Amino acid sequence: KKVRRLKLATTQNFNATLQKRGVVYLSRIPPRMGPARVKTLLADFGSISRIYLVEEDKTVRKKRRKAGGSSGKRYTEGWVEFESKKAAKLVGETLNMTRVTNHKGSIHYDDLWNVKYLRGFKWSHLTEKVAYERRVREQKLRVEMMEVRR
């Protein structure tokens, strides 16, 4: 493969578009709702560039399945990045504490959106947080393994 050099103007344009993006926080994801469903529901307000949903803890899932609950994946919280800050602000203001859907036959009819626009928050903050938590978890595992070996 041939490696091409990046031009300064293209990198500046890319950084400028990153500055125009807005992030919305979803504090609760209804059961049986995944990233694809979230994207289709929120895409009416503006174009979405990225979505990150946190899966529920493995121990919680195990308890739920043991008690007779559904075996599907569930998500606890999430972040959605919109192409424009204006769209993200609009979603944060209009969707907060409203019904997910108005169709009475839908499984999400009784669920409410809990949405907040994160002012000054960038996607890089989220990726840094996730990477830091992963490093901390690996470090704890290493320490535990050292204790077991002794």
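By convention here, each chain's residues receive numbers from 1 onward along its written sequence. Whole-chain, interface and lining totals are the exception, using all residues; otherwise, since this is a predicted model, local features are given only for residues with pLDDT of at least 70 and side-chain atom pairs are given and counted only at 80 or more. Note: side-chain values were computed over all heavy atoms of the structure, leaving out hydrogens and water.

Novice: I'd like a rundown of the sheet that holds strand β4 (residues 115-118), residues and numbers included.
Specialist: The sheet built from four strands is open, its strands ordered β2-β3-β1-β4 with antiparallel pairing. Here the strands that pair on one side only, and so sit at the sheet edges, are β2 (48-55) and β4. Strand-to-strand twist in this sheet, taken as the mean axis angle between neighbours without regard to direction, amounts to 20°. Relative to strand β3 (residues 75-82), β2 runs antiparallel, the two sharing seven bridges. Following the sheet pairing, V54 is matched in β3 by E77. In this analysis, strands are considered paired if DSSP registers two or more bridges between them. Runs of E in the DSSP output that reach at least two residues are strands. Runs of H or I that reach at least four are helices, and both are numbered from the N terminus. A fitted line through C-alpha atoms serves as each axis, taken over the contacting stretch for helices, and the angle formed by two N-to-C directions is quoted from 0 to 180°.

Novice: Got a sec to walk through the packing of aromatic side chains? Specific residues and values, please.
Specialist: Classification of ring pairs uses Phe, Tyr and Trp, with its six-membered ring standing for Trp, and accepts pairs whose centres are within 6.5 Å; under 30 degrees between planes counts as stacked, over 60 as edge-to-face, and the remaining range as tilted. What the rule picks out here adds up to two aromatic pairs. Both rings, one in Y52 and one in W79, keep their centres 6.1 Å apart while their planes meet at 25°; by these two values the pair is stacked. Placement of the pair is Y52 in strand β2 and W79 in strand β3, with a sequence separation of 27 residues. Among the residues examined, Y52 registers a relative accessible area of 30% and is labelled partly exposed. In this structure an aromatic cluster arises from ring pairing among Y25, Y52 and W79. Here the guanidinium or amino end of R99 rests over the ring plane of Y109, the centre of that ring lying 4.2 Å away. Summary of the burial criterion: residues with accessible area below 20% of their type's maximum are buried, those above 50% are exposed, and those between are partly exposed, where the area comes from a 1.4 Å probe applied to protein chains only. In this scheme, Lys NZ or Arg CZ marks a charge over a ring once it lies within 6 Å of the ring centre and within 35 degrees of the ring normal.

Novice: Please provide a residue-by-residue account of the environment of R32, values included.
Specialist: With respect to the element layout, R32 can be found in the loop between β1 (22-26) and α2 (35-42). A C-alpha to C-alpha distance of 8.6 Å links R32 and Y75, two positions 43 residues apart in sequence. By definition, residues are in contact when any of their heavy atoms lie within 4.5 Å. Dropping the residues within four chain positions of it, R32 is found in contact with I107 and H108.

Novice: An account of the pairing of β3 is needed here, citing residue identities and associated values.
Specialist: Burial analysis of β3 places six of its eight residues in the buried class, which makes it a mostly covered element. Of the strand pairs in this sheet, β1 and β3 are connected by five bridges, and their pairing is antiparallel. Looking at β3, one finds that G22 is bridged to F82.

Novice: A description of the side chain of R64 should follow, citing residues and the corresponding values.
Specialist: Note that R64 resides in helix α3 (residues 58-66). Here R64 is in contact with E56, G69, S70, S71, G72 and R74, once residues within four sequence places are set aside.

None of this, on its own, says anything about what the molecule does.
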